[in-house]
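What follows is the residue order along each chain.
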Amino acid sequence: MNQFDGWRARWYSVLAGRMLRFVYRRLARDAAALAGPGAAVLDVGTGPGVLPDELARLRPDLTLAAVDPARGMVAAAGRRLARHGGRARVVEGSAAALPFPDGSFDLVVSSLSLHHWDDPAAAVPELVRVLRPDGRICLYDFPAAPFDAVLPAGAAVTRTELPWGIPHLGRLTRALIEPSS
(Lines give C-alpha, C1' and ligand atoms only; values in the text may rest on other atoms or scores of the structure.)
Protein backbone atom coordinates (compact mmCIF):
# COMPACT_ATOMS: atom_id res chain seq x y z
CA MET A 1 0.00 0.00 0.00
CA ASN A 2 1.20 3.50 -0.85
CA GLN A 3 2.10 5.67 2.15
CA PHE A 4 -0.70 8.09 1.19
CA ASP A 5 -3.58 5.64 0.99
CA GLY A 6 -6.18 4.75 3.62
CA TRP A 7 -6.23 6.79 6.80
CA ARG A 8 -3.04 8.63 5.78
CA ALA A 9 -4.83 9.97 2.68
CA ARG A 10 -7.70 11.26 4.81
CA TRP A 11 -5.29 12.77 7.35
CA TYR A 12 -3.16 14.51 4.70
CA SER A 13 -6.24 15.74 2.85
CA VAL A 14 -7.38 17.54 6.00
CA LEU A 15 -3.87 18.83 6.76
CA ALA A 16 -3.30 20.17 3.24
CA GLY A 17 -6.85 21.43 2.73
CA ARG A 18 -7.11 23.30 6.00
CA MET A 19 -3.85 23.81 7.84
CA LEU A 20 -1.60 24.23 4.78
CA ARG A 21 -4.11 25.98 2.55
CA PHE A 22 -2.19 29.26 2.94
CA VAL A 23 0.90 27.55 1.49
CA TYR A 24 -1.01 26.24 -1.51
CA ARG A 25 -2.63 29.65 -2.06
CA ARG A 26 0.82 31.24 -2.21
CA LEU A 27 2.10 28.57 -4.61
CA ALA A 28 -1.03 28.92 -6.76
CA ARG A 29 -0.52 32.68 -7.08
CA ASP A 30 3.05 32.06 -8.16
CA ALA A 31 2.11 29.32 -10.66
CA ALA A 32 -0.82 31.37 -11.99
CA ALA A 33 1.62 34.15 -12.87
CA LEU A 34 3.69 31.65 -14.90
CA ALA A 35 0.73 30.31 -16.89
CA GLY A 36 -0.23 32.15 -20.04
CA PRO A 37 -3.85 32.86 -21.01
CA GLY A 38 -5.82 29.65 -21.50
CA ALA A 39 -2.85 27.48 -20.52
CA ALA A 40 -3.03 23.77 -19.85
CA VAL A 41 -1.40 23.02 -16.47
CA LEU A 42 -0.41 19.65 -14.98
CA ASP A 43 0.16 19.16 -11.25
CA VAL A 44 2.42 16.14 -10.64
CA GLY A 45 2.08 14.50 -7.23
CA THR A 46 -1.06 16.49 -6.53
CA GLY A 47 -1.94 14.77 -3.27
CA PRO A 48 -5.46 15.87 -2.32
CA GLY A 49 -5.57 18.39 -5.18
CA VAL A 50 -5.28 21.60 -3.19
CA LEU A 51 -2.91 23.32 -5.65
CA PRO A 52 -5.06 22.73 -8.77
CA ASP A 53 -8.14 23.68 -6.74
CA GLU A 54 -6.54 27.01 -5.86
CA LEU A 55 -5.34 27.52 -9.44
CA ALA A 56 -8.88 26.89 -10.72
CA ARG A 57 -10.24 29.52 -8.33
CA LEU A 58 -7.64 32.08 -9.36
CA ARG A 59 -7.64 31.44 -13.10
CA PRO A 60 -10.94 30.27 -14.64
CA ASP A 61 -9.23 30.31 -18.06
CA LEU A 62 -6.86 27.43 -17.19
CA THR A 63 -7.40 23.78 -18.03
CA LEU A 64 -6.03 21.68 -15.18
CA ALA A 65 -4.92 18.09 -14.87
CA ALA A 66 -3.47 16.40 -11.83
CA VAL A 67 -1.75 13.08 -11.27
CA ASP A 68 -0.80 11.13 -8.15
CA PRO A 69 0.33 7.53 -7.60
CA ALA A 70 -1.83 6.99 -4.48
CA ARG A 71 -5.43 5.93 -4.99
CA GLY A 72 -6.46 7.64 -1.77
CA MET A 73 -4.99 10.94 -2.92
CA VAL A 74 -6.60 10.59 -6.36
CA ALA A 75 -9.98 10.03 -4.68
CA ALA A 76 -9.50 13.05 -2.40
CA ALA A 77 -8.36 15.25 -5.31
CA GLY A 78 -11.29 14.04 -7.42
CA ARG A 79 -13.75 15.13 -4.75
CA ARG A 80 -12.04 18.51 -4.39
CA LEU A 81 -11.75 19.18 -8.13
CA ALA A 82 -15.29 18.06 -9.01
CA ARG A 83 -16.55 21.57 -8.24
CA HIS A 84 -14.63 22.86 -11.29
CA GLY A 85 -16.37 20.62 -13.79
CA GLY A 86 -14.55 19.36 -16.85
CA ARG A 87 -11.72 21.89 -16.71
CA ALA A 88 -10.01 20.12 -13.78
CA ARG A 89 -9.39 16.37 -13.62
CA VAL A 90 -7.18 13.94 -11.73
CA VAL A 91 -5.81 10.53 -12.71
CA GLU A 92 -3.65 7.89 -11.07
CA GLY A 93 -0.06 7.80 -12.28
CA SER A 94 3.51 8.63 -11.40
CA ALA A 95 6.02 11.28 -12.43
CA ALA A 96 8.05 8.58 -14.20
CA ALA A 97 5.06 7.33 -16.25
CA LEU A 98 2.69 10.22 -16.94
CA PRO A 99 -0.61 9.07 -18.49
CA PHE A 100 -0.88 11.98 -20.94
CA PRO A 101 -0.08 12.44 -24.63
CA ASP A 102 3.07 14.20 -25.80
CA GLY A 103 2.90 17.99 -25.79
CA SER A 104 -0.22 18.26 -23.63
CA PHE A 105 0.77 21.04 -21.21
CA ASP A 106 2.13 24.57 -21.18
CA LEU A 107 3.17 24.34 -17.54
CA VAL A 108 3.98 21.38 -15.32
CA VAL A 109 4.03 22.09 -11.58
CA SER A 110 4.72 19.99 -8.53
CA SER A 111 4.40 21.10 -4.94
CA LEU A 112 5.87 19.36 -1.91
CA SER A 113 6.04 16.13 -3.88
CA LEU A 114 9.52 15.81 -5.43
CA HIS A 115 11.05 14.55 -2.18
CA HIS A 116 8.62 11.57 -2.33
CA TRP A 117 9.41 10.47 -5.92
CA ASP A 118 10.96 7.00 -6.09
CA ASP A 119 13.20 7.80 -9.08
CA PRO A 120 13.40 11.53 -9.82
CA ALA A 121 15.79 11.05 -12.74
CA ALA A 122 13.28 8.74 -14.46
CA ALA A 123 10.75 11.57 -14.35
CA VAL A 124 12.86 13.94 -16.47
CA PRO A 125 11.98 12.53 -19.90
CA GLU A 126 8.30 12.30 -18.90
CA LEU A 127 8.08 15.86 -17.63
CA VAL A 128 9.68 17.12 -20.84
CA ARG A 129 7.61 14.80 -23.06
CA VAL A 130 4.26 16.19 -21.88
CA LEU A 131 5.36 19.81 -22.34
CA ARG A 132 4.39 21.86 -25.36
CA PRO A 133 7.14 23.82 -27.15
CA ASP A 134 8.30 26.64 -24.88
CA GLY A 135 6.59 24.95 -21.91
CA ARG A 136 8.03 25.24 -18.41
CA ILE A 137 8.36 23.08 -15.33
CA CYS A 138 8.03 24.64 -11.88
CA LEU A 139 8.89 22.54 -8.84
CA TYR A 140 8.23 23.68 -5.29
CA ASP A 141 9.75 21.68 -2.46
CA PHE A 142 12.04 21.73 0.55
CA PRO A 143 15.62 22.82 -0.20
CA ALA A 144 16.94 19.27 0.40
CA ALA A 145 14.66 17.77 -2.30
CA PRO A 146 16.56 16.20 -5.23
CA PHE A 147 16.18 19.16 -7.62
CA ASP A 148 19.44 18.35 -9.45
CA ALA A 149 18.10 14.89 -10.37
CA VAL A 150 15.25 16.35 -12.43
CA LEU A 151 17.11 18.87 -14.55
CA PRO A 152 16.98 18.11 -18.27
CA ALA A 153 20.30 18.47 -20.10
CA GLY A 154 20.75 22.00 -21.40
CA ALA A 155 17.75 23.41 -19.55
CA ALA A 156 17.76 26.90 -18.13
CA VAL A 157 17.07 26.71 -14.40
CA THR A 158 16.27 29.46 -11.93
CA ARG A 159 16.18 28.53 -8.26
CA THR A 160 14.49 30.84 -5.81
CA GLU A 161 14.08 30.56 -2.08
CA LEU A 162 10.53 31.57 -1.37
CA PRO A 163 10.29 34.61 0.92
CA TRP A 164 8.25 32.84 3.58
CA GLY A 165 8.58 29.66 5.62
CA ILE A 166 6.44 26.83 6.85
CA PRO A 167 6.54 26.67 10.66
CA HIS A 168 8.90 23.94 11.90
CA LEU A 169 9.71 22.75 8.36
CA GLY A 170 11.86 25.59 7.06
CA ARG A 171 11.70 27.42 3.76
CA LEU A 172 10.69 26.25 0.31
CA THR A 173 12.64 26.33 -2.92
CA ARG A 174 11.18 27.00 -6.35
CA ALA A 175 13.00 25.61 -9.37
CA LEU A 176 11.77 27.04 -12.66
CA ILE A 177 13.01 24.86 -15.52
CA GLU A 178 12.85 25.88 -19.17
CA PRO A 179 13.84 22.77 -21.16
CA SER A 180 13.83 24.39 -24.59
CA SER A 181 16.39 27.05 -23.68
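Refer to the structure above for everything that follows.
Residues numbered from 1 in each chain as written. Predicted model: local features only at pLDDT ≥ 70, side-chain atom pairs only at ≥ 80, totals over all residues. Heavy atoms only, no water.

Student: I keep staring at the side chain of T46 and nothing clicks. Help me out?
Tutor: For T46, the location among the structural elements is in the loop between β1 (40-44) and α3 (50-58). The contacts of T46, once residues within four sequence positions are left out, are P52, A66, V67, D68, A77 and V90. (Helix = DSSP H or I, 4+ residues; strand = E, 2+ residues; numbered from the N terminus. Contact = heavy atoms within 4.5 Å.)

Student: How do you make sense of the pairing of strand β5 (residues 131-141) when you look at a structure like this?
Tutor: Moving residue by residue along a regular strand, the side chains alternate between the two faces of the sheet. Looking at chain direction, strand β4 (residues 105-111) and β5 are connected through six bridges and run parallel. Pairing of V108 across the sheet is with I137, part of β5. Of the crossover connections in this fold, the one passing from β4 over helix α5 (residues 120-129) to the parallel β5 is right-handed. (Pairing = 2+ DSSP bridges. Right-handed = clockwise from strand over helix to strand, strands pointing away.)

Student: Please explain the pairing of strand β3 (residues 88-92) as it appears in this structure.
Tutor: Strand direction decides the pairing type here: strand β2 (residues 63-68) and β3, joined by five bridges, are parallel. Its bridge partner lying in β3, L64 is registered against A88.

Student: It is not clear to me how the pattern of salt bridges should be interpreted in this structure. Could you clarify?
Tutor: Where charged atoms from two side chains of opposite charge come close, those side chains can pair. Going through the model one piece at a time under the given rule, you end up with 11 salt bridges. Counted as one network, the salt bridges with shared partners bring together R26, D30 and R174. (Salt bridge = Lys/Arg side-chain N within 4 Å of Asp/Glu carboxyl O.)

Student: Mind showing me how you'd approach the nonpolar core here?
Tutor: Here is a general trend for soluble globular proteins: nonpolar side chains tend to be buried in one another's company. Counting residues in hydrophobic clusters, the biggest one holds 30 residues, and the most contacted among them are V41 and L55. Contributions of two or more residues to this core are made by α2 (21-34), α3, β2, α4 (71-81), β3, β4, β5 and β7 (170-178). Residues contacting L55, with those up to four places away along its chain left out, are A28, A31, A32, V41, L62 and L64. Counting residues in each nonpolar core, the second largest holds 25 residues, with A65, V67, F100 and V124 among its members. (Core = buried A, V, L, I, M, F, W, Y, C linked by side-chain atoms within 4.5 Å. Buried < 20%, exposed > 50% of the residue type's maximum accessible area, 1.4 Å probe, protein only.)

Student: Please clarify how the environment of V108 should be interpreted in this entry.
Tutor: Examined against the element boundaries, V108 turns out to sit in strand β4. It is 9.4 Å that separates the C-alpha atoms of V108 and A31, two residues lying 77 residues apart in sequence. Ignoring anything within four residues of it in the chain, the contact list for V108 reads L42, V44, L127, V130, L131, R136, I137 and C138.

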